[in-house]
Structures are given as C-alpha cells and as structure tokens.
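What follows is each chain in one-letter form.
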Amino acid sequence: MQTSVSIKDLSLAFGSVRVIEQLNLEIGQGEFLVLLGPSGCGKSTLLNCIAGLLDVSDGQIFISGKNVTWEEPKDRGIGMVFQSYALYPQMTVEKNLSFGLRVAGFKKEEIAERVARASEILQIGPLLQRKPANLSGGQRQRVAIGRALVRDVDVFLFDEPLSNLDAKLRSELRVEIKRLHQRLKNTMIYVTHDQIEAMTLADRIAIMRDGVIQQLADPHTIYNKPVNLFVAGFIGSPSMNFIHGDLEGGAEPTFVSNGVRVPMKGYAFDNGVPPSGTTKGVLGIRPEHVAIHDDAARMPFTFDGEIDIVEPMGSDTVAWIKLAGQSFTFRCESEVVLQVGQRIRLGFDPARGSLFSADTGDRL
Amino acid sequence: MTTDNYAIAGTPTAKAALKSDAETQGPRGPKPKRLSPGRIGVYAFLVIAALFFLVPLYVMIVTSLKDMPEVREGHIFNLPLRPTIDPWISAWTSACTGRNCTGLSPGFLNSVKITIPSVIISIIVASINGYALSFWRYRGAEFFFNLLVFGAFVPYQVVIYPLIIGMRYMHLFATLPGIIIVHTIFGMPILTLLFRNFYAGLPIEIFKASRIDGAGFWQTYFRVMLPMSVPITVVAVILQVTGIWNDFLFGLVFAGPTNIPMTLQLNNIVNTTTGTVAYDVNMAATILTAAVPLVIYFVSGKWFVRGIAAGAVKG
Amino acid sequence: MADVATAGPGAPVVRRRRRLNIQSIVATLPMIIVSFSVFFVGIIFTIIWSFTDSGMFPGFHFVGFAQYARLWSTDLWLICVNNIWFFGLMSLVVNLTAGFLLAVFMDQNIKQESLFRSIFLYPFAMSLIVTGLAWQWILDPGLGLQQTVRNLGWTTFELAPLVHQETAIYGLVVAGIWQGSGVTMAIMLAGLRGVDQEVWKAARIDGIPAWRVYLFIVLPMMRGAVATAFILQCTGIVRVFDLVYAMTRGGPGNYTYMPAMYVINFITVRLNVGQGMAAATMMLLPIALLLVIRAIVVWWNERRAGLNA
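A quick note: this is a predicted structure, and the numbers were derived from the prediction, not measured.

(A) Structural detail: the interface of chain C and chain A. Tallying the contact residues gives 15 residues for chain C and 18 residues for chain A. Elements supplying a minimum of two residues to the side of chain C that touches chain A: helix H9 (197-206) and helix H10 (210-221) of chain C. For the side of chain C that touches chain A, the element with the most residues is H9(C), which contributes 7 residues. Here the residues of the side of chain C that touches chain A are counted per class, giving 7 nonpolar, 2 polar and 6 charged.

(B) Structural view of the packing of helix H14 (residues 279-299) of chain B against helix H6 (residues 128-138) of chain C. One can describe the packing of H14(B) onto H6(C) by two numbers: an axis separation of 10 Å at closest approach and a directional angle of 150°. Compared by their axis directions, H14(B) and H6(C) come out roughly antiparallel. Judged by the twist between their axes, the crossing of H14(B) over H6(C) is left-handed. Facing H14(B), whose interface residues are B:Tyr279, B:Thr286, B:Thr289 and B:Ala290, H6(C) presents C:Val130, C:Leu133, C:Ala134 and C:Trp137. A class-by-class count of the residues in the contact of H14(B) with H6(C) yields 6 nonpolar, 2 polar and no charged.

(C) Examining the domain arrangement of chain A more closely. Residue and element names in this part refer to chain A. When its domains are assigned, chain A resolves into domain 1 (3-228) and domain 2 (234-357). Each of domain 1 and domain 2 has a C-alpha centre, and these two points are 39 Å apart. Taken together, the contact between domain 1 and domain 2 spans 7 residues of the former and 5 residues of the latter.

(D) How the structure looks around the sheet that holds strand S1 (residues 3-14) of chain A. Residues and elements named next belong to chain A. One open sheet holds the 4 strands; their spatial order is S2-S1-S4-S5, and the pairing between them is antiparallel. For this open sheet the edge positions go to strand S2 (17-28) and strand S5 (66-67), each flanked by a neighbour on one side alone. Two elements, S1 and S2, share 8 bridges in a ladder whose sense is antiparallel. Residue pairing in the sheet places phenylalanine 14 in a bridge with valine 17 of S2.

(E) Region of interest: unusual backbone geometry. Residue and element names in this part refer to chain A. The amide bond that connects serine 237 to the next residue, proline 238, takes the cis arrangement and shows omega of 0°. Among the secondary structure elements, proline 238 is positioned in the loop between helix H8 (229-234) and strand S11 (241-248). In this structure, alanine 86 is a non-glycine residue whose phi angle is positive, near 55°. Judged by the 24 C-beta atoms lying within 10 Å of it, alanine 86 falls in the buried class. The backbone of aspartate 210 sits at a positive phi, close to 55°, despite the residue not being glycine. With respect to the secondary-structure elements, aspartate 210 resides in the loop between strand S9 (204-209) and strand S10 (212-217).

(F) Quick look at the domain arrangement of chain B. Domains assigned within chain B are domain 1 (37-84) and domain 2 (105-266 + 290-312). The centre of domain 1 of chain B, based on its C-alpha atoms, is set 36 Å off from the matching centre of domain 2 of chain B.

What counts, and where the lines are drawn
- Residues numbered from 1 in each chain as written.
- Chains lettered and ligands numbered in written order.
- Predicted model: local features only at pLDDT ≥ 70, side-chain atom pairs only at ≥ 80, totals over all residues.
- Contact = placed C-beta atoms within 7 Å.
- Helix = DSSP H or I, 4+ residues; strand = E, 2+ residues; numbered from the N terminus.
- Nonpolar A, V, L, I, M, F, W, Y, C, P; charged D, E, K, R; others polar.
- Axes fitted to C-alpha atoms, helices over the stretch in contact; angles between N-to-C directions.
- Parallel < 35°, antiparallel > 145°, perpendicular 65-115°, else oblique.
- Left-handed = near helix turned anticlockwise from the far one by under 90°.
- Domains from an automatic or database assignment.
- Pairing = 2+ DSSP bridges.
- Buried ≥ 20, exposed ≤ 12 C-beta atoms within 10 Å, placed from the backbone.

What follows is the structure, encoded as structure tokens:
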C-alpha cells in the first residue's frame, strides 16, 4: 500500500515547552487514521502541523510523496474540517463552498461542477442559498465537510468535528463520516478524545499522550492487547480492571496479589517467555470478559466475591466486588438478578487479560 | 514510553531503510523566516503612523524649552539650543489671561476642586444606579434608563439653555457646586451604562446567595457588590477624571469667574492677542494642562484601554 | 418574602415584587430626576422656546416658525450646516478607515504592540483644547511646519490651512483625526480579536489571501465594533466645540463656524435665546434620525428572525 502521509522526526516546541518530540508516523493511502488521546496530549497540535497551520521545530512532513514541510496549507493537498465548523458567516452555503476556488481562479463551470458534486454526496443541495446562521449544527458540519470536498484533495483532516454536537447528532454524523470514507476512499486523519468515535471509525488508532504515540494499531489490537497501562485504562468503558500484585516467573508463571494466586498459563508474554524472578506488576481484565455463576466454573481462574454496588445500565448491568482486596467490576446481561451483599462466583481466562509492569507500565 | 518507527500497515520496517532515503535532504524543520516586503510594509506603516501621533507632543515639549528668539527662527523640530524652564515657570505663575497675570496655578487648583468632587459623586451615583438596574428592577426603571442613555447621545447644546435657566433659578449658576452638578449630570449616562453592564455580567447566583443570607438592598451593595466592582470602578474613575479635567464647554458656561478651570485659562492665555505672543510659554502652559490626564494615562494604560472599549461597547 | 427580580437584560423570567421596590426607587432617584428633568423636560423647553421670540430672557410669546425662517436665511447658520456636514463626513470616513487600517496592522503579531498602542491612544487623553492649540501651532505659517520646511530649502512650501478660508476646515479634520483615531483603532482591534480563530484557519486552508479575509470575511463579522466606533464618532462630531474654539475660533472670517458655537454664541453673546433654541433644536434632528433608524433596524431584524424561526 502506498504511503499517503509520512511524518518523520517531527518535533514541536512552544518556547521552552516541548509539545511533540521526534514523532514518526506513516499513514497509508485511503486509510482512516484516528489520533486519540486526552486533552493536551498533542493530537490537535500534530494535526495542525500536518495542515501547515503550525510551523514545526524539526522534522519533515510528506504528503502524497511530496515534501510539504515548508509549504503553505493551501499547497499541501489537504482539506480540513474544524470543531466549530468555521464557516464564513456572511456568505451563503454555495459561496462558502466556492470561495476558495474562486480565489484560486478556477473557471465558473469547474466550480459549479465541484459544488454540485459535493452537495450531492453530502445531501446539502437544498441548503445552498442559506446562510450558516440558518442551518442546524449537523447541516453546518456537512457544509464544513463539503468545503473540504470541493478542494479535490487526497487527504482530509478532521479536528474534533463532532465535539460541538449533542449525543444523538454525534452518532448520526459519525455514521455519515464512515459512509463518506467508504465512498470516497480518501485518506482521512481524524482527531478526537472520544474513544467510541475512534473505535468505530478508524482503520488504525494512534493513541497519544504528552506528545508521544503510545500505540499505533487497529482498534481490535488496541482493545485486546494494549501496549501499556495508559492505553489499557483509556480504551474501554467501563474501564479495565487493574489488580496490583507480583508476577512470579518460571515454568508456571503466576500472578499473586494479597494471597490470591492467578495462573498465567497460556498468556502470550511479549518476548515469548515470562520475565524471570518476581516482578511487581498489574493484571488487567476487562469487565465484559468476566463470566458469572455456571459459566465461571469453566474458566481457568475462579473466585468468590460479595457484591458491593450494582449499576443497571439498561442494556446490561455493571457490578462492583472486591478481588484480592481491590475494586473489581464485571459486566453481565441485564436479565441477571444481582443484589448488594450477594455472594457470587466469578471467573475469567487470564490469557485474555493483560499484564503490565508496575514500574514502567509496559505490557509484559 | 516507546516511540518506534511505525510503518505502513503496522509491519515493522528497519529504521535504516527509511533513513537512507534521499528525502531527508529536502526541506526540514521550521520554515525559513524571510523578512517579506509585506512585513516591512506593515512596520513602515505603523512607524509612520506613530510619528504622526508623536510629532505634536514632541513639538510642544521642545518648543516649551526654548526661548523666544529661538522660537522665532521657526525650526520646530530642532532641539532647544539653550534649553530653559523659564517658559514653564512663566506659564505657572505669571502668564496673563486678560488683565490677570497669575499664571495657570489658580486654574489648576480650580480644576482639582471641580474634578475630585465631580468624579466621586458621579461614580457613586452611577454605581448605585447600575446596581439597582441590574438586580432590583422596578416598573419604569427601564424607561428612565433608556431616557438617560438617549441623553448620552444628545449634544450638550440642545439642553444647555434650560440647564442654565434651571441653575439660575436654584442660585447655583456660576458656582462651584453648580458645575459639579453639571458634570455629574452629563457623566451619568455613560457611567450608569458601564456599571449596569458590569453588574449584569456578574453571575446572578451571588446576588441570590446574598438574599438568602438575609441581606437587603444596601447591605448587598456594600458587602457584596461594591467590593466586586473594583475593576470597573477604576475604569470609571479614569474615564471621568480625564473627561472632566479636559472639559471646556461646561467650564465656559457654568463655572463662573471664580472657578475657572485650567482648560479655560489655557485658552485665555493662548488666544489673547495682547502684544507679542509668547509661544514658548503657551506651549509650556498647554503641556501643563495636559499633564494630569496624560500622567494618568501612562500610569494606568491598560485600564484606560479597557475603559474605552468597555464604555464604548454597548449592549 | 417577596420574589426577587432576576438580573441582566434579556433574562427570560422577571418576577415582579408584590410591593413597590421602594429602596431601589429611592436609590435611583438621581437618575430619575436627572433623566426626566434634563433630558426630557429640558429638551421640551428648548423646543418650546424655539418657537418664541425670546431675546435676553426666556419668554413665552409664540411666533410660530419665525425663528426657523430667520435661522435658515442666516448666512452664518448656513455656513455652520455646511461645515458640520463636511467636517462630519470627512472625519467619519477618515477616522473609521484609519482606525480599521491601524487595527489590521496591529493585528499582525507586532512585537511592540503595547508600545504602539500607547502611542496611538494617548491623544485621546488630551483635551480638545490642548489638541486644537497644538495643531494651531504646528500649522502656523510663520513658526510651524511651513516655516521649518522652508528653512530646509524648499522655500515655496505651503502648509497653512488655517489661514485661508477654504482650507481651514481641513486643519480641523486633521486635528480631529489625530485625537480620535486611536480610540477607533482600539475598538476595531477588540472586534478583530473577537473573531473565531478557526475561521482564519479555514481561510488559510482555502488559500484566501489575508487582505481578502480582512475585507470580506472579518469585517462583516465585526459589525458590533464598527457600529460602536461609528456611533462614538457621530456623537463626538455633532457636539464639536472645544476643538474649533481653540483652533480657529470659528474663523478665519467665520468660515469654520459650527452649529454648537452658533448656539452658545446666540445664548451668551448675542443674547437671542429664540434663535439659539432654534439652532439647538436643529442639532437634535440628526440624533433623532439615528434613533429612528436604529429602531427600524431592530424591528426589521426581529421580524426577519420571526420569519425564519
């Protein structure tokens, strides 16, 4: 697969504050890449660098094979969609879409054709003569996407485009963006702090923290094999359970915490073999990987617990118990009857979990 | 935390392979900053504009330090050959307005006597007005407020004669209290607007909490709102001091012969054509008159800017 | 306990107190008295007296529109009207343009921005008397700019607008610009800075050159600031008195006389109150016009909002 966007050794500092250091990233043609992370992790900054809106302190940026590090945003072959839509308020939708093309000197027929194509794809034809003030949030965002579409570029950049919309509109537009990607097959780089958007839209997710990419992989891998504690805790709702304890290495690796012994047979260690000796570690198990009652008995590891809190979510139920003296949540179907104080048998397969070093946070 | 060289489709590629590309020789790092002609033009424009604004002040200062022979030579931009502060002393103590040759100092005193009470009273009144209009509205309040704001746009000359008659009727015409009242009257619209917008911008919850605590009208004002209104009060003070000190028209009409403010005296000194005109003294007198608001401006620069923007931006 | 009125303009719910808000009324008595007596009754009296033949003292002997007839056939008044329109329009256009340009240039990430801003704004702190005198001096033919340039060798240089009747008013305009464009700049700059930064980003991506962004995108978005500056300038221009009094005293030969001076002159010097009041009432008209226009605009906008809802 051909590389669409290539970022080499990118560094960015604001004065003495280093926001991004030596970041490398390759994005394939037609790929939907999501930059995911908490506020301040540098994802928007990275996007602005790719767009050319921010000047980098070091490194290079290539788009479609061309070195664009010193190019103006308009010459980079990109289109961008912003969180606040950033439509030109005094112009009609049609003028908003065509303004950039008119300035660039395109012929009238060409402009009309591009505008027509974009409005057809985004279903904004009937809105062409309206001004942004008379559009709903969802319509405005579609126009913003349209403005990027008419530019006929290879790469689209999205800077948290759905964050200003309410939950219902957000899920609607999310599906539309996915459909757009399937239809256009352009490379799309998408910034968000919402993990649901990331999981549903991405071909690959780059989770960022403090300017560094923690893990770059497809959603499935990120979800099931998070590369460190941060990623494991960031993805998944309700979040992964973390049990602190010691990992005893050797032929039969076991995770021990407050007297509870969890056999780690079948767990795929990073180097193939478990670390020797005893290492302080953290065992991570997702709440939905926990079985209850009879199903629990078939699991390699079982334990009993007393239910502390029950949270009925509607679609399922989340309950809190204690394992090895630490908080533990599990998820089950909403039909199952759970009561506070109830003693229940739970089980999980440690091989499906994740082990992390307590010192470095990395996956073992 | 690892920063591997992530390659296409997640398959690790030897770092060497990427680094050996010829691409690494291309543009890299921050864009080279060329001093473009556009940038030069911007600075040139701003510098020329700055010169335009500074020249009068420069000329005034420089002229006020020259003696008359040098002034007559007509090189207004030259620095004084024989700098002297005699013009300044003359201006302050012995410049003549008509038949009185007392210099500017009486005018200065009068201006102070006029400005300080006017500022204090007009701000107190406006602050209470703004407070009452924001939190304790009564039927008709909005009407009077709109009338007041309308008054802000009305040229003074439209109402000046009825005001004169009114003042005469109350034996306040050409008295110190009279001109203080006049300044208060004409300061009220803008200041009330300022304070009302400020109080309206405060969260209503503070007010409600105070009411729940049992505080009444005046208690809430003194204990809660007044302390919070320090920033806007500072702005209001700056605006009023500048406006009142610089006033000329009201001083001309309402001050009376015993309370001539500095601006009036300045005009009399400069524009009386008795004998030779002492330009250097005139310039010194002008600077002295402008000194007070100028000093306030330079000392409280950013508050002044905020005041102008705040006073001018209406709801 | 009676209900509390909610604060702030445009608050959705205002619960009225069941008993009159006595304390509030008492506290705002000054405002009530002043606004009513000065800005309502006062104006009424001005208008009434303009229909009388009052001379030195105000009377109530009505003479219909006689004062107005006389006013509009007086050369001096016609000069005033001419001047105020010319001065006003010129000042307005130059001031707003200069203020906008200065604001745009100041918005370019200037290193010494606060220094420049101080320089542009300090004239506003100076009294119009001071301004008028300073510029009168600079424009003096024998001792000001003209002489200095002539001393440099350019012996036929002419720059003494205040001396000639036709050009004196330009001198006034320049002095007015000097004093007032800094404020316009400050207001416009605040308006510029209030524009959503992401619109700038979008324009950069679209490849729109900066000057087009300023003119066609940002300026329309700054309508509030422009309106504010416009109104501020208008109100200042109509009542211009100090500047003219100091700079030209209305001369040369009354060619820079202004309506404000006309009113004051007829009240205090010529002691013809009727005429003065007629002139004063005429001065009221532009303001009344502006208010009517504003009311229409507000009504029009509300109607449009209702149609599009």
